[in-house]
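In case you want the letters, here they are:
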2 protein chains.
Amino acid sequence: MRNPILVEVLRGGLVESRHCGAVAVVDADGRRALALGDIERPIYPRSAIKALQALALVESGAADRYGLGPPELALACASHSGESGHVTTATRMLALAGLDPTALKCGPHWPIHQPSAQALAREGGTATALHNNCSGKHAGFLCTACALEANRARYVEPAHPVQRLVKATLEGLGATPIGEDVCAVDGCSAPTWALPLDTLARAFARFGTGVGLAPERAKAATRLRAACAAHPWHVAGTGRFCTGIMQRFGARVFVKTGAEGVYCGALPEQGLGIAVKCDDGASRAAEVMMAATLARLMHSDADRAALEAYVRPALRNWNGIAVGALRPTDALAA
Amino acid sequence: MRNPILVEVLRGGLVESRHCGAVAVVDADGRRALALGDIERPIYPRSAIKALQALALVESGAADRYGLGPPELALACASHSGESGHVTTATRMLALAGLDPTALKCGPHWPIHQPSAQALAREGGTATALHNNCSGKHAGFLCTACALEANRARYVEPAHPVQRLVKATLEGLGATPIGEDVCAVDGCSAPTWALPLDTLARAFARFGTGVGLAPERAKAATRLRAACAAHPWHVAGTGRFCTGIMQRFGARVFVKTGAEGVYCGALPEQGLGIAVKCDDGASRAAEVMMAATLARLMHSDADRAALEAYVRPALRNWNGIAVGALRPTDALAA
């Protein structure tokens, strides 16, 4: 089965490029509100489930033990842009657990936020693991490892107690066991287990509502969502989609990007979870898929209007001239 | 008609992402040697036809009049990485025509080559039009405008004499008139006219062989191909696909990337032109499409072996761990 074309890229009068994908919107009981394309094929959720991975940080007691506040919890759920505030928060998370940045196993990369990368170079600095968009998640893994009194050097191994806890949490949220054979290595060296979009969407419906979760887990989910809603800049950064959406909608919408065109989200008021995969891995199209899906599910004109710039983003060239736009196809926007 | 899946992205044991596309391989008379997907739908060739755009620079007499040597001609055909040598050559091209960098209308962007961007920031510099990957092409347009004694401020307008010359050249090479309605604005503000892949491939077969071209044009094409073969670093830059392929194959293979997943090329020995479009616009997949197409057309094991790293590139994460790979599907590799 080929997934439908969901997003078109226009330049001048022609469609220049096309993106296929699949979208699942599911409630906490697994009932489908929307299904586009193949939502039963396992996909790697990558960073789109960082908030689910962070449940172990709260449920293990590590967040309380080390005194992590809302910005730290938001950063644990983040693919941040490596801006100086993100680096400061990641450093503080590690310090609260008595660690320094050498404990991070995510690998170095330059800040995603270009002005921050340029400022870092201007100051004679270089890329470190703290600038890695996953440093908050890794700091969270390390805090959890410390609270569990587990090995601190091998926390990214699939058999490590932290990753066992993460896997069990994912299985519980999705109400589906995950085989060891669908485990791959993520960009930051943490394990990523493949799950179908419908399972992911259901997991996010539960994360967003607490329906079907043990009270302790529902409480942890509420705490993480509140942290992200209060500190959306910590979840991504300046000019980023996740930050912009959560700044506008607050606790009403949770969204999180992942590499290779994945997006997950939750609409607590509607009781729905969302999972999106752009087949070719393009973030630009996954954003339009998520924005158009949110617009379909919103009831007020004002909410839909606020999404319009994300549903049909303009393309500008190096001179700032509008040369085209992205748009959802009828299959997605209907 | 949906184009076939031509490239898969593997992570762990699963296909994580998929890229659809079309490939045309055509000789100078328009006979098809390979056709995958829809090769008759017009696509914007973007930067993949810079070498064809540069024919006007040579044929107008501008290249001789201003004493442009092979590195300058290679840069006129380039999407360069903004390394210091590229910037120096672009500056020299302008100076030879009595111009300075303020004449460039391509807009500023930071060097594509990240160490060069970091070095620029470290020195307190900023992005300029000279760093724009198209600055060599624009310097070529400006030299042509000067030689034609045409306006130097409006050279990117579709009605400008330089762009009229470029359009007429494209029509001649492809043996097909181009309507005004398929003109869009490129990333550098120059016009880009949509052409079908089979027409583009035929144009590159003629560019690569001179078959069917007036002697003056055939001579200009030979001169540009020789310049690119002698200075492949000037056509792209450190670590880039075009540079690596032409360093290995010299004058036997011409290849040139364009934005939104376009690739064009020529195999003079085989008398063939190649045009590739990845539907979703991904460069990583367009490179695999071009490399796998070249491998199909090569006769020797050594040539095919030299392409293997481009046909099946490994994916490494921030820690340098091999996490997956790209590969052509059977439809492409067969």
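Everything below is about the structure printed above this text.
Being a predicted model, the structure only gives us computed values, none of them experimental. (Residues numbered from 1 in each chain as written. Chains lettered and ligands numbered in written order. Predicted model: local features only at pLDDT ≥ 70, side-chain atom pairs only at ≥ 80, totals over all residues. Heavy atoms only, no water.)

1. Some points on the overall build of chain A
(1) Moving on: Regarding its fold elements, chain A presents 15 helices and twelve strands.
(2) Moving on: Relative to a compact globule of 334 residues, whose C-alpha radius of gyration would be 20 Å, chain A shows 19 Å and is just as compact.
(3) Moving on: Contacts in chain A between residues at least 24 apart in sequence constitute 64% of all its contacts with a sequence separation of at least 6.
(4) Moving on: Charged side chains in chain A number 34 positive and 29 negative. The centres of these two groups are separated by 2 Å. (Helix = DSSP H or I, 4+ residues; strand = E, 2+ residues; numbered from the N terminus. Rg over C-alpha atoms; globule rule 2.2 N^0.38 Å. Contact = heavy atoms within 4.5 Å. Lys, Arg positive; Asp, Glu negative; His and termini not counted. Charge placed at Lys NZ, Arg CZ, Asp CG, Glu CD.)

2. Concerning the side chain of A:Thr169
All names here are of chain A.
(1) Moving on: Checked against the element boundaries, Thr-169 lands in helix H8 (residues 161–174).
(2) Moving on: A polar contact is formed between the side chain of Thr-169 and the backbone oxygen of Leu-165, at a distance of 2.6 Å.
(3) Moving on: With residues up to four places along the chain from it excluded, the contact list for Thr-169 reads Leu-52, Leu-55, Glu-59 and Arg-217. (Polar contact = N/O pair within 3.5 Å; in protein donor to acceptor, adjacent residues only side chain to side chain.)

3. Concerning the relation of the copies chain A and chain B
(1) Moving on: Rotating chain A by 180° about the axis while translating it 0.0 Å along that axis superimposes it on chain B, leaving an RMSD of 0.0 Å. In the structure described here, the two chain copies are related by an operation that fits a two-fold rotation axis. Measuring from the rotation axis to each C-alpha of chain A, the shortest distance belongs to A:Arg122, at 2.0 Å.
(2) Moving on: The residues that chain A uses at the interface reappear at the interface of chain B in 98% of cases, marking a shared surface. (Least-squares fit on C-alpha atoms with pLDDT ≥ 70 in both.)

4. Digging into unusual backbone geometry
(1) Moving on: For A:Ala175, which is not glycine, the phi dihedral falls at a positive 55°.
(2) Moving on: Along the chain, A:Ala175 falls in the loop between H8 and strand S5 (183–185).
(3) Moving on: The exposure class assigned to A:Ala175 is partly exposed, which follows from its relative accessible area of 44%.
(4) Moving on: The backbone of B:Ser189 sits at a positive phi, close to 80°, despite the residue not being glycine.
(5) Moving on: With respect to the secondary-structure elements, B:Ser189 resides in the loop between strand S5 (183–185) and strand S6 (191–193). (Buried < 20%, exposed > 50% of the residue type's maximum accessible area, 1.4 Å probe, protein only.)

5. Description of the interface of chain A and chain B
(1) Moving on: With 48 residues of chain A in contact, the opposing surface of chain B contributes 47 residues.
(2) Moving on: Together, the buried faces of chain A and chain B total about 3800 Å²; carbon and sulfur atoms form 49% of this surface.
(3) Moving on: Measuring nitrogen to oxygen at the nearest pair gives 3.1 Å for the salt bridge that ties A:Glu16 to B:Arg46.
(4) Moving on: Seen at the junction of chain A and chain B, the total is 34 residue pairs in polar contact (both at pLDDT 80 or more).
(5) Moving on: If you list the elements that add at least two residues to the side of chain A that touches chain B, you get strand S1 (5–11), strand S2 (14–27), helix H6 (114–122) and S5 of chain A.
(6) Moving on: Considering every element that reaches the side of chain A that touches chain B, the biggest residue donor is S2(A), with six residues.
(7) Moving on: Classifying every residue of the side of chain A that touches chain B by side-chain character gives 18 nonpolar, 16 polar and 14 charged. (Buried area = accessible area lost by both parts, 1.4 Å probe. Salt bridge = Lys/Arg side-chain N within 4 Å of Asp/Glu carboxyl O. Nonpolar A, V, L, I, M, F, W, Y, C, P; charged D, E, K, R; others polar.)

6. Things to note about helix H6 (residues 114–122) of chain B
(1) Moving on: Those residues of H6(B) that sit buried are B:Ser116, B:Ala117, B:Gln118, B:Leu120 and B:Ala121.
(2) Moving on: In the stretch just after H6(B), B:Gly124 is the one whose phi turns positive, near 80°.

7. Focus on the packing of aromatic side chains
How two aromatic rings sit relative to each other is given by the distance of their centres and the angle of their planes.
(1) Moving on: Taken as a whole, this structure holds twelve aromatic pairs over all chains when the rule is applied.
(2) Moving on: Here the aromatic rings of B:Phe204 and B:Phe254 are separated by 6.1 Å at their centres, their planes lie at 15°, and the arrangement is stacked. You can see B:Phe204 sitting in helix H9 (residues 197–209) and its partner B:Phe254 sitting in strand S8 (residues 254–258), a full 50 residues away along the chain.
(3) Moving on: A ring pair is formed by B:Phe241 and B:Tyr310, whose centres lie 5.2 Å apart and whose planes are at 80°; its orientation type is edge-to-face. Remark: B:Tyr310 occurs in helix H14 (residues 301–311) and B:Phe241 occurs in helix H12 (residues 241–249); sequence separation between them is 69 residues.
(4) Moving on: Assessed through its relative accessible area of 25%, B:Tyr310 is described here as partly exposed.
(5) Moving on: Among the aromatic residues, those joined into a ring-pair cluster are A:Phe204, A:Phe207 and A:Phe254. (Phe/Tyr/Trp six-rings, centres within 6.5 Å; stacked < 30°, edge-to-face > 60°.)

8. Things to note about the pattern of salt bridges
(1) Moving on: Under the criterion given, the structure shown has 42 salt bridges over all chains.
(2) Moving on: Taking the shortest distance from any N to any O, the salt bridge between A:Arg154 and A:Glu157 comes out at 3.1 Å.
(3) Moving on: B:Arg223 is paired through a salt bridge with B:Asp64; the nearest N and O atoms lie 3.0 Å apart. With B:Arg223 in helix H10 (residues 215–230) and B:Asp64 in helix H3 (residues 62–65), this pair connects stretches of sequence that are 159 residues apart.
(4) Moving on: Judged by relative accessible area, which is 28%, B:Arg223 ranks as partly exposed.
(5) Moving on: The network of salt bridges with shared partners includes A:Arg11, A:Glu16, B:Arg46 and B:Asp186.

9. Focus on the packing of helix H5 (residues 84–96) of chain A against helix H7 (residues 135–147) of chain A
All names here are of chain A.
(1) Moving on: Close contact between H5 and H7 brings their axes to 9 Å; oriented N to C, the two are set at 5°. Put simply, H5 runs roughly parallel to H7. Along its contact with H5, which presents Ala-90, Met-93 and Leu-94, the element H7 presents Ser-135, Gly-136, Ala-139, Gly-140, Leu-142 and Cys-143.
(2) Moving on: Looking at the contact of H5 with H7 residue by residue, the class counts come to six nonpolar, three polar and no charged. (Axes fitted to C-alpha atoms, helices over the stretch in contact; angles between N-to-C directions. Parallel < 35°, antiparallel > 145°, perpendicular 65-115°, else oblique.)

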